[in-house]
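Residues per chain are reported as follows:
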Amino acid sequence: MAKIEGFRLKNFGVLSRVTFGRLWNQRHVKPLTPMTAVIGKNGAGKSTLLDAFGFLADCLKFGVEVACDLNGRGGFQKILSEGQSGPIEFEIYYKQNGNARPITYELYIDLDESGRPFVLKERLRQRRKGQGRGRPFSFLHLNRGSGLAWKGEEGRQIDEENEYAEIQDLLRYIQSNTKEESNRTEIIELDDNRKLGIAILGTLKQYPRIATFRRFIEDWYLSYFSPDAARDLPLAGPQSRLNVRRDNLGNVVQYMEHEYPRRFRNILEKITEKIPGIENIDTEKTNDGRLLLRFNDKRFEDPFFAQQMSDGTLKYFAYLLLLEDPTPPPFLCIEEPENGLYHKLLEGLAYEFRSHTTEKATDSQVFITTHQPYFINALEPEEVWILEKGYDSYAKIRRASDIDLVKNLVAEGIPLGDLWHSDDLDDR
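Residues numbered from 1 in each chain as written. Predicted model: local features only at pLDDT ≥ 70, side-chain atom pairs only at ≥ 80, totals over all residues. Heavy atoms only, no water.

(A) Layout of the side chain of Glu 338. Note that Glu 338 resides in the loop between β15 (331–335) and α12 (346–358). Nearest to the buried, unbridged Glu 338 among oppositely charged side chains is Lys 315, at 7.0 Å. In terms of polar contacts, Glu 338 uses its side chain to reach the backbone amide nitrogen of His 371, at 3.3 Å. Those residues in contact with Glu 338 that lie beyond four places of it in its chain are Leu 346, Thr 369, Thr 370, His 371 and Gln 372. (Helix = DSSP H or I, 4+ residues; strand = E, 2+ residues; numbered from the N terminus. Buried < 20%, exposed > 50% of the residue type's maximum accessible area, 1.4 Å probe, protein only. Lys, Arg positive; Asp, Glu negative; His and termini not counted. Salt bridge = Lys/Arg side-chain N within 4 Å of Asp/Glu carboxyl O. Polar contact = N/O pair within 3.5 Å; in protein donor to acceptor, adjacent residues only side chain to side chain. Contact = heavy atoms within 4.5 Å.)

Have a look at this one:
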């Protein structure tokens, strides 16, 4: 399954210039770990960071103009870093699997002459087979909705260093009706430059690399958990995955208890260990076709329903359901999982997240923001990034393992969360 090894953001809110992990031109940098946590004080930019992933997913699904206004973003000018001029830039460096050649995706969003957000530039590039060094070659290159795309898994690609001249040469070459080249290369003219090229071309069989990347982003899971939403009474009917609000908690229980009873028993065992009294969890269908989520407490004859359960219980149960997904998302983003949970549950929850990425052969990647020391105590320095506001009010980022003092103190047995609590991870 695909893994993000690094990414870069520019002009996205307080994240004016932020880079995490490895990029194609920074191969000496260690890639992101399967379990990655970002810590920081209030206002440091953690929510903005998570929203950057949500924004990119929304751009793919709805187009850039709609994405700028979704989820209270307030439009392009509100997203753009204060005092900066566009474009907003994204760069993702990822591998489809462990042996694959890394692919870089670049997206530039700006305002057009009418003041509307549009895709200024979009590019996918990859080194050729056997190419260990040098610049990767573009196999999708769009500028203002126009450009070239290469069919298949291989084919002639653009050398970035001479890309403008090469594109012009190729356009003339293709337009001269040369069959061999036109069979591998297509001129692309999108009729709406507010839509991502990968959203359109990624639905076509002749572009397998583009299609694979599109599916990768489509399968991201960003958690916006609402306990009140989990107490809703949805219509009965099994559903395989929690939605972002998790108001279909009962539907997923229906699905798991029928399709994957062993996995569901595993969840129940963990719940009974962590939440005192709970013996069983199941569903009950009402006369009008709605679904009740029922918690059975061994100390009482009658069950409790989700509407009566605490926020923390519902949240912990939802996380366990998410981590036992038989077809887990390749990239899972969670903001401050500690909210509403008893502090003694947090280290165990951190281990559950790590186990999901390393021990269950899921090849899933987990990205978390937090500022809870008990959660951080379960993490290793290379898994933790520290987000801080600089003197210019823009965010800056450091990996905890790059701080010698932190590495030495953790090696002496001091937990990372204790260092965070005592301000030893502050800027130094």
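(B) Summary view of the state of the cysteines. According to the stated counting rule, one finds 0 disulfides in the structure shown. Cys 68 takes part in no disulfide bond, and the closest cysteine sulfur, belonging to Cys 59, lies 6.3 Å away. The exposure class of Cys 68 is buried, given its relative accessible area of 1%. (Disulfide = S-S within 2.5 Å.)

(C) Spotlight on the environment of Phe 118. Looking at where Phe 118 falls in the secondary structure, it is placed in strand β6 (residues 117–126). For Phe 118, a relative accessible area of 1% gives the class buried. Sequence-wise, Phe 118 and Asn 193 are 75 residues apart; in three dimensions their C-alpha atoms are separated by 5.7 Å. Setting aside residues up to four positions removed in sequence, Phe 118 forms contacts with Val 64, Tyr 108, Ile 109, Asp 110, Leu 111, Asp 112, Arg 144, Asn 193 and Arg 194.

(D) The arrangement of the side chain of Arg 8 in detail. With respect to the secondary-structure elements, Arg 8 resides in strand β1 (residues 3–12). A polar contact of 3.0 Å, which involves the side chain of Arg 8, links it to the side chain of Glu 89. Residues in contact with Arg 8, not counting those within four places in the same chain, are Val 18, Thr 19, Leu 23, Glu 89, Phe 90, Glu 91 and Tyr 108.

(E) Structural detail: the pattern of salt bridges. One pass over the full model with this rule turns up 22 salt bridges. A salt bridge links Arg 123 to Glu 106, with the nearest nitrogen and oxygen atoms 3.2 Å apart. Taken together, the positions of Arg 123 in strand β6 and Glu 106 in strand β5 (residues 103–111) put the pair 17 residues apart, joining distant regions of the chain. Judged by its relative accessible area of 2%, Arg 123 is buried. Overall, the relative accessible area of 4% leaves Glu 106 in the buried class. A salt bridge links Arg 398 to Glu 388; the shortest N-O distance between them is 3.1 Å. On the criterion of sequence distance, the pair formed by Arg 398 in strand β18 (residues 395–399) and Glu 388 in strand β17 (residues 384–389) is long-range, its members being 10 residues apart. For Arg 398, a relative accessible area of 17% puts it in the buried group. The structure contains a network of salt bridges with shared partners spanning Arg 8, Lys 10, Glu 89 and Glu 91.

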